[in-house]
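Structural overview
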Amino acid sequence: MERVVEVVPEAGLHARPAAKFVETANEYDADITVAPVEDGESGEAVAASSMIAVTSLGVKNGEEVRLVAEGDDAEAALDALEDVLSTPEEGEGEG
């Protein structure tokens, strides 16, 4: 299963959003990869369970990523990860 999702948190896939993304990926019985999408083409996919790999992608707010999951929890994992990526961090937009 796969899904393309726009990254909403202002920090992109860095710091707290990346930590929450990796933590969520590790909660499911599925092999999950994430890859940046540019001009409709996927870049190099990395393990969604690795904080170093995820932050090394350099994905910013407003960019898209392709999530691919295989395993018993694949659909649930994609739903949860999409939720993490499409939800602003607490406090964003306030001020």
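Below is a summary of the structure that appears in this document.

What counts as what
- Residues numbered from 1 in each chain as written.
- Predicted model: local features only at pLDDT ≥ 70, side-chain atom pairs only at ≥ 80, totals over all residues.
- Heavy atoms only, no water.
- Salt bridge = Lys/Arg side-chain N within 4 Å of Asp/Glu carboxyl O.
- Helix = DSSP H or I, 4+ residues; strand = E, 2+ residues; numbered from the N terminus.
- Buried < 20%, exposed > 50% of the residue type's maximum accessible area, 1.4 Å probe, protein only.

**What to know about the pattern of salt bridges**
Under the definition given, this model contains 4 salt bridges. With a shortest N-O distance of 2.8 Å, Arg-66 and Glu-2 are connected by a salt bridge. In this pair, Arg-66 is assigned in strand 5 (residues 64-70) and Glu-2 in strand 1 (residues 2-6), connecting sequence segments 64 residues apart. Between Arg-3 and Asp-79 there is a salt bridge, with its nearest N and O atoms 2.8 Å apart. Here Arg-3 is found in strand 1, whereas its partner Asp-79 is found in helix 3 (residues 74-85), with 76 residues between them in sequence. Of the residues examined, Arg-3 reaches a relative accessible area of 19% and is grouped as buried.

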